[in-house]
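Structural description and commentary
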Amino acid sequence: MLFNSIDFLFFLPIVFLLYWMLSQKLKAQNILLLISSYIFYGWWDYRFLSLIMLSTVVDYFVGLKLYKSGSKSNRKRWLIVSLLFNIGLLSFFKYYNFFIESWIESLTLIGYSVENTWTLQVILPVGISFYTFQTLSYSIDIYKGKLSPTKNFIGFAAFVSFFPQLVAGPIERASNLLPQILNAREYTYKAISSGIKLMIWGFFLKLVVADRAAIYVNAVYNNIENHDGLSFIAATLLFAFQIYGDFAGYSLIAIGVAKMFGLNLMTNFNRPYFSPSISEFWNRWHISLSTWFKDYVYIPLGGNRSKKWRWLFNLFITFLISGLWHGANWTFVIWGALNGIYLIFEALLFKNKRTGIINIILTFILINFAWIFFRANSLEEASYIINKIFTSPGNLYIGAGDDITASIYAAIAIGILLIVEFKKEFFNSLFSISKNKYEIIRLIGYSFVVFLILYLGVFGESQFIYFQF
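Owing to the predicted nature of the structure, the values given are computational and were not obtained by experimental measurement.

Thoughts on the overall build of the protein chain
What the protein chain contains, in helices and strands, is 17 helices and zero strands. Computed over its C-alpha atoms, the radius of gyration of the protein chain comes to 23 Å, within 12% of the 23 Å expected for a compact globule of 469 residues. In terms of overall dimensions, the protein chain has a C-alpha envelope of 70 × 65 × 50 Å along the principal axes. With 469 residues in all, the protein chain has 54% of them scored as buried. In the protein chain, of all internal contacts separated by at least 6 residues, the share reaching a separation of at least 24 is 76%. Carbon and sulfur atoms provide 65% of the accessible area of the protein chain, an area that totals close to 22,300 Å². Taken together, the 37 basic and 24 acidic charged side chains of the protein chain have centroids lying 17 Å from each other.

Here it is in structure tokens:
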């Protein structure tokens, strides 16, 4: 089920009303959350419910065994069970064909001809990259002694499948979300109001910023032979705001919906395009995933506590794996490697923290160059686009008919977004609609955003970009 669908428009109020009608019955609330989450997830394909159920059962019992096991060797064996199951599940559904095809291509390059009969028609389950990481972190934290397992299976299952953040994050840690699910929640007007406001801004980012920009981006990136360098530059700039609006919009809607149910999810984006360095960008972008890789990949590799060459190697490997996490395509691997290289050069060249508008612009340019690989359909197309940008600027594609209107609307939406985020970044103490003491001012401000959504938004139940990951 999509947030931007008619189905969700009916689903959310029904679940919300039933949920708070059961406010004095915690177990009943959690059962409702679990059933609602399974309905939400099964709306795409009910068959994939078996995977999330299996993942829940495995990590629930692994967590209990880890806690009860006295010897370190036994605890390590149970951790390996969780690692093999979760990574194996993710690898099969997401990477099986990718690795087989890459292996066959490698053999072809050295002169061996292999018939491709091993690939399978595997459908990627929505959200598998997110909920496998969420359950995996639960087992790892218990193994490290940072967390005690719960014996409440319904509560744990609700934590794994909590529908607002199930398919595209934020990737929640059990230490944050699970205690909230296991304890009674309080209905408050402030939390409901805050949640609705976050949802409104999230829908603006998705329906107006992202989906308007997507019209131009898709027209250029899906027909590269008909465009030149200037068009690719414009499309890449718009893609930067498309993916931000799409993913940050989803996160805000998820956080807002969770607040309506008395639960708090972690912040996932913090105005990343105002970052003066690549390292700060990754402290502000997809924060739940960045911190996950930091805690469960980068630090176990040695982090920055090793010799300098090893530290830089740890940085690079972490981002290489992060790139592969995003998708079974060499474009994502190169994108991850490129960000790793950025961080290595930054660590070597800049010892002090970078600030200032020039550094913000430079960081934005470097991030946009990497986005080319993220958005391109193949490495060959990415190479073609980069070559055109540097050798054949040509004419700027504006669009025709409705495309021109979409471009104008996208520019207006991005302008509003930049004004709002610029004010928050540099002048947060000045006039704020959301924090204004007069309710009428707040009401007018959010009514205006709703008007923009209804007038400029794209309504067609378009998928969120990160659903494919």
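Thoughts on the packing of aromatic side chains
For any pair of aromatic rings, geometry is given as the distance between the ring centres together with the angle between the planes. All told, the structure shown has 64 aromatic pairs when counted by the stated rule. Relative to W285, the ring of Y273 has its centre 6.0 Å away and its plane inclined at 45 degrees; by these criteria the two rings are tilted. Highlighted residues: Y273 in the loop between α9 (229-260) and α10 (278-284) and W285 in the loop between α10 and α11 (287-301), separated in sequence by 12 residues. We classify Y273 as buried; its relative accessible area is 10%. Seen from their ring centres, W292 and F293 are 5.7 Å apart, and the 75 degrees between their planes marks the pair as edge-to-face. Judged by its relative accessible area of 4%, W292 is buried. Assessed through its relative accessible area of 4%, F293 is described here as buried. Over the face of the ring belonging to F464 we find K206, whose NZ or CZ atom lies 4.6 Å from the ring centre. Cation over ring: R354 sits above F350, and NZ or CZ is 4.3 Å from the ring centre.

Side note on the domain arrangement of the protein chain
Examined at the domain level, the protein chain breaks down into domain 1 (6-185) and domain 2 (190-276 + 355-456). Contact residues are listed per partner, giving 24 residues for domain 1 and 16 residues for domain 2. Regarding the contact of domain 1 and domain 2, the summed buried area is about 1,600 Å², with carbon and sulfur atoms giving 75% of it. Linking domain 1 to domain 2 there are zero salt bridges. Our count for the domain 1 to domain 2 interface comes out at five residue pairs in polar contact (both at pLDDT 80 or more). Residue assignment for the side of domain 1 that touches domain 2 shows that the elements contributing at least two residues are α1 (6-21) and α7 (174-182). Examining the composition of the side of domain 1 that touches domain 2, we find that six residues originate from one element, α1, more than from any other. When the residues that make up the side of domain 1 that touches domain 2 are grouped by side-chain class, the tally is 18 nonpolar, four polar and two charged.

Focus: unusual backbone geometry
At the junction of G169 and P170, the peptide bond is cis and its omega measures out at 5 degrees in the coordinates. Tracing the sequence through the fold places P170 in the loop between α6 (153-161) and α7. The phi torsion at R271 lies on the positive side, around 50 degrees, for a residue other than glycine. Considering the arrangement of structural elements, one finds R271 in the loop between α9 and α10.

Basis of the calculations
Numbering of residues starts from 1 in each chain and follows the order in which that chain's sequence is written. Local features in this predicted model are restricted to residues whose pLDDT is 70 or higher, and side-chain atom pairs enter the listing and the counts only when it is 80 or higher, whereas totals over whole chains, interfaces and linings include all residues. To get the side-chain values, all heavy atoms of the structure are used, and hydrogens and water are removed first. Here a helix means four or more residues in a row that DSSP labels H or I, a strand means two or more in a row labelled E, and each is numbered from the N terminus. Just to be clear, the radius of gyration here is over C-alpha atoms, and the globule rule we use is 2.2 Å times residues to the power 0.38. Burial status follows relative accessibility: with a 1.4 Å probe on protein chains alone, a residue under 20% of its type maximum counts as buried, one over 50% as exposed, and anything between as partly exposed. Only heavy atoms enter the contact rule, under which two residues are in contact if any of them lie within 4.5 Å. To measure how exposed things are, a 1.4 Å probe is used in the Shrake-Rupley method; for residues, cover is taken only from the protein chains shown. Working convention for charge: Lys and Arg count positive, Asp and Glu count negative, and His plus the chain ends are omitted. Here the site of a charge means NZ on Lys, CZ on Arg, CG on Asp, or CD on Glu. Each aromatic pair joins two rings of Phe, Tyr and Trp (for Trp, the six-membered one) with centres within 6.5 Å, and gets the label stacked for planes under 30 degrees apart, edge-to-face for over 60, and tilted for any other angle. In this scheme, Lys NZ or Arg CZ marks a charge over a ring once it lies within 6 Å of the ring centre and within 35 degrees of the ring normal. Where each domain begins and ends is defined by an automated method or by a domain database. The term buried area means the drop in 1.4 Å probe accessible area that two parts suffer when joined, counted for both and summed. Salt bridge, as used here: a side-chain nitrogen of Lys or Arg that lies within 4 Å of a carboxyl oxygen of Asp or Glu. N or O atoms closer than or at 3.5 Å make up a polar contact, with two conditions inside protein: a donor-capable atom paired with an acceptor-capable one, and, for residues adjacent in sequence, both atoms drawn from side chains. Under the scheme applied here, ten amino acids are nonpolar (Ala, Val, Leu, Ile, Met, Phe, Trp, Tyr, Cys and Pro), four are charged (Asp, Glu, Lys and Arg), and all others, including Gly, are polar.

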